[in-house]
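Examination of the molecular architecture
In case you want the letters, here they are:
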Amino acid sequence: MLVVLGFAVLILAVGMVVLFAMFGELSARVAQAGTRPRSTEVAPLEGARLGCVPDTWPAGLVTAGEAPSVLLVLSSACGSCLDIAEQLRDSPVEAEWDDMGIVISTSHQETGDEFVAGNKIGRFPHHVDVGGSWVISQFDVNFSPSALVFEDGQLAAAYIFHDVAALRAKITEASAQLGLPQQDRETV
Amino acid sequence: MKLMNKQRIPGEDAEPRSHVARRRFLGVVGGGGLATATTVFGFASPASAATLPYACCHLCCPPTWNLATCESGFHYVWQCAKTGGGTCQCCEHGSPCQDGCSGKLHFSTYRCS
């Protein structure tokens, strides 16, 4: 009798585990179904100081003495920036974007550090910009998610974007319009 | 005085084989359950501080007060782009997010256009 009861309890416990697993799977699928499609529009960011050369580059953004040619400006207070971080983290193509750096504008250092760690974007050159002071003082940009594109150290273009692949396509298209092949652009 | 030394009969104290087998089976089931639970829950990534989505903002606290109040004293304000067009201003006032929300010491707010 005791054995039968024991097995009944065991089966009930297993059933509960399966039930909760199904709830979890269902909630994940409902959340995915409710997500709006990501916009691929890449629009110019008004008000950025085009043509300016930054006085200094934060150490975290400089790799082997070179400043990045594209700077993504994210913020810990911006919801779309979580999606951008997710794209950078999950896509193997974006993960190999060499000449890109990330500025994380934030209210406090610990909040910015948590944003970097939580979204696993620490492998990219990055700088936690408390108050957005560096990016505002250098480029007059207080908007996220945005991208700053540099040519020969000068700010050449600034964009608002939601899709990283669309942004990269836009940057490639813009450099092609200048008549320079993408691979030669950095050596000019 | 009568000595009560009972002679041990070989095999009398030994448990029946069925009991031993049952104990082993339940031991294996319990061990397997513990191992599964450790694998599933033991290696979960730590939860980060919760933030709340409002329009394109991600705020530390539910929005209270207004933007003008938020922008007085120590604050952080940033703009974000809504997916469907338009922009919002997201404001965090006071101490870091991790310290929690406390009336006018730390609160969040946002305004969209």
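Sequence order sets the numbering: in each chain, residues are counted from 1 along the sequence as written. Throughout, the order in which chains and ligands are written sets their labels, letters from A for the former and numbers from 1 for the latter. Given that this is a predicted model, residues contribute local features only at a pLDDT of at least 70 and side-chain atom pairs are listed and counted only at 80 or more, while totals for whole chains, interfaces and linings are drawn from all residues.

**Some remarks on the overall build of chain A**
The way it works is that DSSP assigns letters per residue, a run of H or I at least four long becomes a helix, a run of E at least two long becomes a strand, and they are numbered from the N terminus. The helix and strand tally for chain A stands at seven helices and seven strands. Counting from the amino terminus, chain A carries its helices and strands in the arrangement α-β-β-α-α-β-α-β-α-β-β-β-α-α. With C-beta atoms placed from the backbone, a residue counts as buried when 20 or more other C-beta atoms lie within 10 Å of its own, as exposed when 12 or fewer do, and as partly exposed for counts between those limits. Residue burial in chain A is summarised as follows: out of 188 residues, 35% are buried. Contacts are defined on C-beta atoms placed from the backbone: any two residues whose C-beta positions lie within 7 Å are in contact. A sequence separation of at least 24 residues applies to 68% of the contacts in chain A between residues at least 6 apart.

**A closer look at the overall build of chain B**
A count of helical and extended segments in chain B gives two helices and five strands. For chain B, the α and β elements follow one another from N to C terminus as α-β-β-α-β-β-β. The buried share among the 113 residues of chain B stands at 23%. Within chain B, contacts between residues separated by at least 24 positions form 47% of all contacts whose residues are at least 6 apart in sequence.

**Structural notes on the domain arrangement of chain A**
For an interface, size is often stated in terms of accessible area lost upon the parts coming together. Domain limits in this description derive from either an automatic procedure or a database domain assignment. Taken domain by domain, chain A comprises domain 1 (1-35) and domain 2 (43-185). When each unit is reduced to the centre of its C-alpha atoms, the spacing between domain 1 of chain A and domain 2 of chain A is 44 Å.

**Considerations on helix H4 (residues 109-119) of chain A**
All names here are of chain A. Restricting attention to buried positions, one finds in H4 the residues Thr111, Gly112, Glu114, Phe115, Val116 and Asn119. On its buried face, H4 is in contact with helix H2 (79-90), strand E3 (100-106) and strand E4 (126-130). Directly after H4, the chain includes Lys120, whose backbone phi takes a positive value near 55°.

**Topic: the interface of chain A and chain B**
With 24 residues of chain A at the interface, the matching set in chain B holds 20 residues. Of all elements in the fold, only helix H1 (2-34), H2, H4 and strand E5 (143-144) of chain A reach the threshold of two or more residues within the side of chain A that touches chain B. If one sorts the elements of the side of chain A that touches chain B by residue count, H4(A) sits on top with four residues. In this count, Pro and Cys sit with the nonpolar residues alongside Ala, Val, Leu, Ile, Met, Phe, Trp and Tyr, while Asp, Glu, Lys and Arg are called charged and the others, Gly among them, polar. Partitioning the side of chain A that touches chain B into residue classes produces seven nonpolar, 14 polar and three charged. The criterion for strand pairing is that DSSP finds at least two bridges linking the strands in question. Pairing between E5(A) and strand E3 (residues 75-81) of chain B: two bridges, direction parallel.

**A closer look at unusual backbone geometry**
The general pattern is negative phi for most residues beyond glycine and trans for most peptide bonds. A cis geometry characterises the amide bond from Ser144(A) onward to Pro145(A), with omega recorded as -10°. For Pro145(A), the position within the fold is in the loop between E5 and strand E6 (146-151). A positive phi angle, near 55°, is found at Trp65(B), a position not held by glycine. Within the secondary structure, Trp65(B) is located in the loop between strand E2 (57-59) and helix H2 (67-70).

**Some points on the sheet that holds E5(A)**
The strand order across the open sheet formed by four strands is E5(A)-E3(B)-E4(B)-E5(B), and the pairing between neighbours is mixed. Edge positions in the open sheet fall to E5 of chain A together with strand E5 (107-112) of chain B, since each of these has one partner strand only. Both E3(B) and strand E4 (residues 87-93) of chain B contribute to a ladder of seven bridges, which runs antiparallel. Of the residues in E4(B), the one forming a bridge with Gln79(B) is Gln89(B).

**A short note on the pairing of strand E7 (residues 154-160) of chain A**
Residue and element names in this part refer to chain A. Bridge count for strand E1 (residues 43-44) against E7 is two bridges, and the pairing is antiparallel. The residue of E7 that forms the bridge with Pro44 is Tyr159. Two elements, E6 and E7, share six bridges in a ladder whose sense is antiparallel. If you follow Ser146 over to E7, its bridge partner there is Ile160. Hairpin connection between E6 and E7: a loop of two residues separates the two successive antiparallel strands, and Asp152 in this loop has a positive phi of roughly 55°.

**Notes on the confidence of the model for chain A**
The predicted coordinates of low-pLDDT regions are not to be read in fine detail. Known as pLDDT, the predictor's per-residue confidence is scaled from 0 to 100. For chain A, per-residue confidence averages 86 on the pLDDT scale, and 89% of positions sit at 70 or higher. A low-confidence stretch, residues 182-188 of chain A stays under pLDDT 50, and its non-local contacts, those more than four residues away or across chains, total seven contacts.

**What to know about the sheet that holds E7(A)**
All names here are of chain A. The strand order E1-E7-E6-E2-E3-E4 describes an open sheet built from six strands, whose pairing is mixed. Looking along the sheet, the strands with just one partner apiece sit at the ends: E1 and E4. Where H4 meets the sheet, its contacts fall on E3 and E4, and the angle it forms with E4 comes to roughly 150°. Each axis is a line fitted through C-alpha atoms, taken for helices only over the stretch in contact, and angles between the N-to-C directions span 0 to 180 degrees.

**Topic: H2(A)**
With twelve residues, H2(A) should reach 16 Å at 1.5 Å per residue; the first-to-last C-alpha distance of 17 Å fits that figure. Among the residues making up H2(A), those that are buried are Gly79(A), Ser80(A), Cys81(A), Ile84(A), Ala85(A) and Leu88(A). A helix is expected to span 1.5 Å for every residue after the first.

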